[in-house]
Amino acid sequence: MTVSITIKTKVLEDCTPDQIPDYVYTSNEPIILKGLVKNWPLVKAGLMSPIAAVDLLKSHYSGAPANTYFGAPGTRRLAYNPDSTKLNFENRKAQISEVLDEILSNLDNENPPLRYIASNIIEISFPSLKDEHDLPFNAAHFKTHPLELADPHRGIWIGNKTLSPCHYDAQSNIACCVVGKRKFTLFPPEQVHNLYPGSLELNPGGPAITMVDFDNPDFEKYPRYRDAIAAGQVAELEAGDAVFIPCMWWHQVEALSPFNVLINYWWNTYPKIRGQAMNVLYLALMSIRDRPEQEKQAWKHLFDYYIFNSNTQAGEHLPYETRGLLGEIDDTAARKLRSMLLQKLNR
Amino acid sequence: MTNLAPLNNVTHKDLKIITQHSEQFGNNIGAVLTFPTEFADIQREYPIFFQRNPETLKYQCVALLGITPGENLFLDNEKWNARYIPAIVAREPFVIGFEDQSADGGDEHAPVVMVDMDSPRVNTHEGQAVFLEFGGNTQYLESINRILQGIYQGMSVSDEMFEAFTQLELIEPVSLEIKLKNGELHRLTGNYTINREKLNSLSAKELAKLNKAGFLEGAFLVASSLNNMKNLIDIKNSKL
């Protein structure tokens, strides 16, 4: 019996790029923004034909070569070779215009070679595209949670039928399905345990990917994936739709049409000066994971007390001016911490 | 021959570098490349000249170490008698390489430190350690990083500097005739320097432009480094 995810992602109708309600940006669960970018010229071109969309893209192309995934015909899932020692595609620099031509020439091919330009920076590849294809990020939310003077990271994703295995990103995300259809399979962060993530070092795009093939799950090897299925949800997007994915939510992304384009926005409102949380995890793998159980549990208590319980608890019984790192951490304090860490790590 | 490997703290965890300078390490040479980023240090010891690269015919900067090609007058047994050792020498056996790290979100031409594993300086028992006990960077490696960065920056501004000097006609050939105390006559050719008169007669606007581009100080440093020729001849005479 095939088990499948039955929950559908919530849908918000009648959204426009400059009227995304504030609550979307802080939502604890994904939300489909139906028709958010339906008026973008590239969406309209894509609905006419892939060729029209390609022509429009080419007219904005800067000529900068882009990292491109090349997979053999029959490859759809961007993952590993059978023994997981290598990726099952190659990543090489290519001219985007040539990749576009290649995808066009294979539109009717039932078994085309996989081509995928993933997470390409729009400002570099299609600088003028931004004029008519952009989200303003001017919601009231960003007045109280400034984007740290950094624009959101704008990425464009171009390819034929591809499947990016389930992974998380350490950014909030609005992904706009511009050309073709896309399916997102989403899981909340606590499902990590049931998703069997793979290697931290070798993976397609940076974050670890699930080792479970959702289309053909091996429940003997990955029994807990059943629990993930119960907690998962599916968002099906048509051209012009977008989905908000909360930071750290796991998501599998399937591009379903012979030609697909996605434009996404990644952002963090956490000050960049305070560093990447992933660095803490790496350091903990090295310095905490294999300590004797009693020691390790003691560290868990300390992390709960200082980090996870609340951000004020550890300092609030101290006179304000003596709180130091247990009080507010401003830019100066972050700088000093970084310097101390660099020194302590350089051994 | 060179055998370059990207430096890392696993493969090269026990690497040590002999930092003495001697003929054995190829330091007995009459001139070395120098870079605008180190002119201030170089001109305290060595004359700076411009020469044309025999292959590209572009100008490059050299610091003169001797009167003849195979002679480094600052070299004394295992010691280099100067307050500053040119970056191109001090960086040995490390060089800058470039790596395409764009697939991981990095730079397309990210500079990386490479080590020449065939250099006679490289070993595991003698000299300066490159890495600390647990794989951190030693002060020595940090200093190498700074030196390589200086070379990299110096190389990237070099063409622009010569372009600015050429436009203002500041570069002139210089023929050096040196008579030693024993009567030996040496003639050094192929060198160029800054024309002091031209430099002094630049208009306020030209001076400001050269200064803004960051090359005015360099022009004066090159011009005044010529005074070090006397020092070079003195050392040569004292060794006769």
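Residues numbered from 1 in each chain as written. Chains lettered and ligands numbered in written order. Predicted model: local features only at pLDDT ≥ 70, side-chain atom pairs only at ≥ 80, totals over all residues.

Examining the overall build of chain A
Next, step 1: Summing up its helical and strand segments, chain A has 11 helices and 13 strands in all.
Next, step 2: Taken against the 2.2 N^0.38 rule, which gives 20 Å for 347 residues, the C-alpha radius of gyration of chain A at 22 Å falls within 12% of a compact globule.
Next, step 3: Its C-alpha atoms give chain A principal-axis dimensions of roughly 70 × 50 × 40 Å.
Next, step 4: For chain A, buried positions account for 31% of its 347 residues. (Helix = DSSP H or I, 4+ residues; strand = E, 2+ residues; numbered from the N terminus. Rg over C-alpha atoms; globule rule 2.2 N^0.38 Å. Buried ≥ 20, exposed ≤ 12 C-beta atoms within 10 Å, placed from the backbone.)

Looking at the overall build of chain B
Next, step 1: A count of helical and extended segments in chain B gives 7 helices and 13 strands.
Next, step 2: A principal-axis box enclosing the C-alpha atoms of chain B has dimensions of 55 × 50 × 30 Å.
Next, step 3: Taken across its 240 residues, chain B has 25% of its residues classed as buried.
Next, step 4: Here the contacts in chain B between residues at least 6 apart in sequence split such that 72% fall between residues at least 24 apart. (Contact = placed C-beta atoms within 7 Å.)

Focus: the sheet that holds strand β8 (residues 172-179) of chain A
All names here are of chain A.
Next, step 1: Reading across the sheet, the 9 strands line up as β1-β2-β11-β8-β13-β6-β5-β3-β4 and stay open at both edges, with mixed pairing between neighbours. Both outer strands of the open sheet, β1 (10-12) and β4 (90-94), are each paired with one neighbouring strand and no more. Taken over all neighbouring pairs, the strand axes of this sheet differ in orientation by 25 degrees on average, direction set aside.
Next, step 2: Note: strand β5 (residues 114-121) against strand β6 (residues 153-159), 4 bridges, orientation antiparallel. Bridge pairing in β6 links Ile117 to Ile158.
Next, step 3: Contacting β3 (66-71), β4 and β5, helix α4 (residues 96-105) crosses the sheet at an angle of about 145 degrees to β5. (Pairing = 2+ DSSP bridges. Axes fitted to C-alpha atoms, helices over the stretch in contact; angles between N-to-C directions.)

Considering the domain arrangement of chain A
Next, step 1: Domain parsing of chain A yields domain 1 (10-270) and domain 2 (273-345).
Next, step 2: Between the C-alpha centres of domain 1 of chain A and domain 2 of chain A there is a distance of 33 Å. (Domains from an automatic or database assignment.)

Section: the sheet that holds strand β9 (residues 110-116) of chain B
Residue and element names in this part refer to chain B.
Next, step 1: One open sheet holds the 3 strands; their spatial order is β1-β9-β8, and the pairing between them is antiparallel. The two strands at the open ends of the sheet, each matched to only one other strand, are β1 (4-6) and β8 (94-99). Strand-to-strand twist in this sheet, taken as the mean axis angle between neighbours without regard to direction, amounts to 45 degrees.
Next, step 2: One ladder, built from 3 bridges, connects β1 with β9; its direction is antiparallel. Along β9, the bridge assignment pairs Ala5 with Val115.
Next, step 3: Contacts from helix α3 (residues 139-167) reach β8 and β9, with the element oriented near 65 degrees to β8.

A closer look at the pairing of strand β13 (residues 260-267) of chain A
Residue and element names in this part refer to chain A.
Next, step 1: Counting buried positions along β13 yields 7 of 8 residues, so the element is predominantly enclosed.
Next, step 2: Here β6 pairs with β13 via 7 bridges, running antiparallel. If you follow Ile156 over to β13, its bridge partner there is Ile263.
Next, step 3: Bridge count for β8 against β13 is 7 bridges, and the pairing is antiparallel.

What to know about the packing of helix α3 (residues 50-60) of chain A against α4 of chain A
All names here are of chain A.
Next, step 1: The interhelical angle for the contact between α3 and α4, taken along N-to-C directions, is 175 degrees, at an axis separation of 11 Å. Here α4 runs roughly antiparallel to α3, going by the angle between their axes. Across the interface between the two elements, Pro50, Ile51, Val54, Leu57 and Lys58 of α3 pack against Ser97, Leu100 and Leu104 of α4.
Next, step 2: Of the residues belonging to the contact of α3 with α4, the class tally is 6 nonpolar, 1 polar and 1 charged. (Parallel < 35°, antiparallel > 145°, perpendicular 65-115°, else oblique. Nonpolar A, V, L, I, M, F, W, Y, C, P; charged D, E, K, R; others polar.)

Things to note about the confidence of the model for chain B
Residue and element names in this part refer to chain B.
Next, step 1: Averaged over all residues, the pLDDT of chain B equals 93, while 100% of them reach at least 70.
Next, step 2: Mean pLDDT across the elements of chain B bottoms out in strand β6 (residues 75-76) (90) and peaks in strand β2 (residues 16-17) (98).
Next, step 3: Predicted complex metrics record ipTM = 0.74 and pTM = 0.84. (pLDDT = per-residue confidence, 0-100.)

A short note on the environment of Ile124 of chain A
All names here are of chain A.
Next, step 1: By the secondary structure assignment, Ile124 is in helix α5 (residues 122-125).
Next, step 2: You can call Ile124 exposed: it has 12 C-beta atoms within 10 Å.
Next, step 3: Residues Ile124 and Ala66, 58 residues apart in the sequence, show an inter-C-alpha distance of 9.3 Å.
Next, step 4: Not counting residues within four places of it along the chain, the set of residues in contact with Ile124 comprises Ser62 and Ala64.

Thoughts on the nonpolar core
Next, step 1: By size, the foremost hydrophobic cluster in this structure holds 72 residues, and its most contacted members are Cys176, Val178 and Val243 of chain A.
Next, step 2: If you tally residues by element for this core, the top one is β8 of chain A, at 6 residues.
Next, step 3: Residues Leu15, Phe50, Ala90 and Met161 of chain B belong to the second largest nonpolar core, which totals 44 residues. (Core = buried A, V, L, I, M, F, W, Y, C linked by C-beta atoms within 7 Å.)

Points about the pairing of strand β11 (residues 242-245) of chain A
Residues and elements named next belong to chain A.
Next, step 1: Going residue by residue along β11, you find Ala242 and Phe244 tucked away on one face and Val243 and Ile245 tucked away on the opposite face as well.
Next, step 2: Across 3 bridges, strand β2 (residues 31-33) lies against β11 in antiparallel orientation. The residue of β11 that forms the bridge with Ile32 is Val243.

Observations regarding unusual backbone geometry
Most of the time, phi is negative for any residue but glycine, and the peptide bond is trans.
Next, step 1: Of the consecutive residues Glu92 of chain B and Pro93 of chain B, the connecting peptide bond is found in the cis state with omega at 5 degrees.
Next, step 2: Looking at the element boundaries, Pro93 of chain B is found in the loop between α2 (87-90) and β8.
Next, step 3: Despite not being glycine, Tyr196 of chain A has its phi angle at roughly 50 degrees, a positive value.
Next, step 4: By secondary structure assignment, the location of Tyr196 of chain A is in the loop between α7 (192-195) and α8 (225-231).
Next, step 5: Look at Tyr196 of chain A and you get partly exposed, because 19 C-beta atoms sit within 10 Å.
Next, step 6: With phi around 60 degrees, Leu57 of chain B is a residue other than glycine that occupies positive phi space.
Next, step 7: For Leu57 of chain B, the position within the fold is in the loop between β4 (48-52) and β5 (59-64).

Remarks on the packing of helix α2 (residues 41-48) of chain A against α3 of chain A
All names here are of chain A.
Next, step 1: Contact pair α2 / α3: the axes reach a minimum separation of 5 Å and the direction vectors enclose 145 degrees. For the pair α2 and α3, contact is made by Pro41, Leu42, Ala45, Gly46 and Met48 and by Pro50, Ala52, Ala53 and Leu56, respectively.
Next, step 2: Its residues assigned to classes, the contact of α2 with α3 comprises 8 nonpolar, 1 polar and no charged.

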